[in-house]
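Residue-level listing of the chains:
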Amino acid sequence: MSRLSGITPSGHVHIGNYLGALQRWVAEGGEDDLYFVSDLHAMTTTHNPAKLRALAGEQLAVLIAAGIPAERIFVQSDLARELGALTWVLECTASFGEAARMIQFKEKSKGQAGVRLSLLTYPVLMAADILLQGADEVPVGDDQRQHVELARALARRFNGTYGEVFTVPRAVLPPTGARIRDLADPARKMSKSTRDSAGVVFVLDEPELIRRKVRRAVTDGQSTLEYRPEDRPGLANLLEILAACTGARPEEVARRHTSYGELKDAVADAVIELLRPVREGANALLADPAELDRVRKAGAARAAERGEHRLQSALRLIGAG
Ligand code: ATP
Ligand code: MG
């Protein structure tokens, strides 16, 4: 079995990504699993090229420092030629209606001027990501399920029309973990692409900055501490973060602390210690561009080689070359 998971460099990696995704990838990753930094997917809306390039490198360093074996990670744009070719093959397999039906496209394009064509076609690139690597399981949230269904339909259609090339993938639900909320606005989840970063704890934030962000976390005026996610989301978020860092349950964590001040100090301490090795490891890699480049090229070469026979078979069967 082989799984494929990606992270888009739409911003800096935060503690939500770390607890909800990276940590799991490290714990549960199988031999054939692959992880990638999906920088091409970050180009479907207005973007800054230099910033995107820097963020992609940074995310690669963070994934490696988090403990994902370097040989199982690649940066999507390093396979731009292979993925570009396979995307074309799959666009010639998909219908316009299939792409236009995608809910995410409808939502993201609604009322926008100058919508990039790539916003419409990116699910086909995502199908290429999956089918090139022969992944059979793709762990995704609800927002990406429809895209994996498209990849599944295209694999079946291609195999049935031209010949068996692709593994038919399926979407699997990642284990449900706590959705970490924005510390400054507990009504919304913590996100990479949030403009105001006051409530977002980034993996590469310095300890003092983490402490400041946690101390300023929005809570409520009540004096008792109890775990009530519906009524007291700000407090519940802090309890969940501390629980995730320490392996306890949020209810237990609530019982162990008596005031907001004390709880926030404990959260800050735990987050700082949890992230310290990741930050230090990532910074060491980023300070050694030659080593990061070496690791990056090796990962890309492996991923390209792994998909090459599928790409060549697909091109041959569809009548190219
Ligand atoms: P964006 O704002 O660009 O959507 P994001 O922070 O939501 O960024 P994604 O790239 O959408 O991050 O997701 C990467 C992984 O991190 C996914 O597995 C997702 O489930 C997980 N993740 C994202 N945000 C959180 C969060 N707040 N809490 C827990 N897990 C999260
Ligand atoms: Mg997201």
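Residues numbered from 1 in each chain as written. Chains lettered and ligands numbered in written order. Predicted model: local features only at pLDDT ≥ 70, side-chain atom pairs only at ≥ 80, totals over all residues. Heavy atoms only, no water.

## Quick word on the packing of helix α3 (residues 80-91) against helix α12 (residues 289-318)
Where α3 contacts α12, the axes come no closer than 10 Å and their chain directions differ by 35 degrees. The handedness of the crossing between α3 and α12 comes out as left-handed. Residues Glu82, Ala85, Leu86 and Val89 of α3 form the contact with α12, whose participating residues are Ala304, Glu308, Leu311, Ala314, Leu315 and Ile318. Residue composition of the contact of α3 with α12, grouped by class: eight nonpolar, no polar and two charged. (Axes fitted to C-alpha atoms, helices over the stretch in contact; angles between N-to-C directions. Helix = DSSP H or I, 4+ residues; strand = E, 2+ residues; numbered from the N terminus. Left-handed = near helix turned anticlockwise from the far one by under 90°. Contact = heavy atoms within 4.5 Å. Nonpolar A, V, L, I, M, F, W, Y, C, P; charged D, E, K, R; others polar.)

## What about empty space enclosed by the protein?
Within this structure, the stated rule accounts for one cavity of 30 Å³ or more. Size it by volume and the largest cavity reaches roughly 30 Å³. Taken together, Ile15, Leu183, Val201, Val214, Leu238, Ile241, Val267 and Val271 make up the lining of the largest cavity. Looking at the lining of the largest cavity, the elements with two or more residues in it are α9 (233-246) and α11 (260-286). Here the lining of the largest cavity is built from residues that sort into eight nonpolar, no polar and no charged. (1 Å grid on protein atoms, 1.4 Å probe; cavity = no way out; pocket = protein on both sides within 12 Å on 5 of 7 lines; lining within 4 Å. Points joined across faces, edges and corners; volume = space filled by probe spheres on them.)

## Here's the deal with the pairing of strand β2 (residues 34-37)
Judged by which residues are buried, β2 turns out to be covered on both faces: Leu34 and Phe36 on one side and Tyr35 and Val37 on the other are all buried. Sheet topology places strand β1 (residues 4-7) next to β2; four bridges connect them, and they run parallel. Note on β2: the bridge partner recorded for Ile7 is Val37. Note that β2 and strand β3 (residues 73-75) share three bridges and pair parallel. Following the sheet pairing, Phe36 is matched in β3 by Phe74. (Buried < 20%, exposed > 50% of the residue type's maximum accessible area, 1.4 Å probe, protein only. Pairing = 2+ DSSP bridges.)

## A few points about the sheet that holds β1
Taken together, the three strands give an open sheet; going across it, the order is β1-β2-β3, and neighbouring strands pair in parallel fashion. The sheet is open, and its two edges are formed by β1 and β3, each paired on a single side. For this sheet the average axis-to-axis angle between neighbouring strands, irrespective of direction, equals 25 degrees. Here helix α1 (residues 15-28) sits on the sheet in contact with β1 and β2, set at roughly 145 degrees to β1.

## Some remarks on the site of ligand 1
Around ligand 1 lies a shell of 15 residues, among which Ser10, His14, Lys189, Lys192 and Ser193 are the nearest. Measuring from an oxygen atom of ligand 1, one finds a side-chain N or O atom of His14 at 2.7 Å. Within the backbone of Gly16, an N or O atom sits 3.1 Å from a nitrogen atom of ligand 1. In the complex, 76% of the free accessible area of ligand 1, which totals 590 Å², lies under the protein chains. In terms of residue count, α1 provides more of the shell around ligand 1 than any other element does, four residues in total. (Near = heavy atom within 4 Å. Polar contact = N/O pair within 3.5 Å; in protein donor to acceptor, adjacent residues only side chain to side chain. Areas by Shrake-Rupley, 256 points an atom, 1.4 Å probe, with all protein chains shown as cover.)

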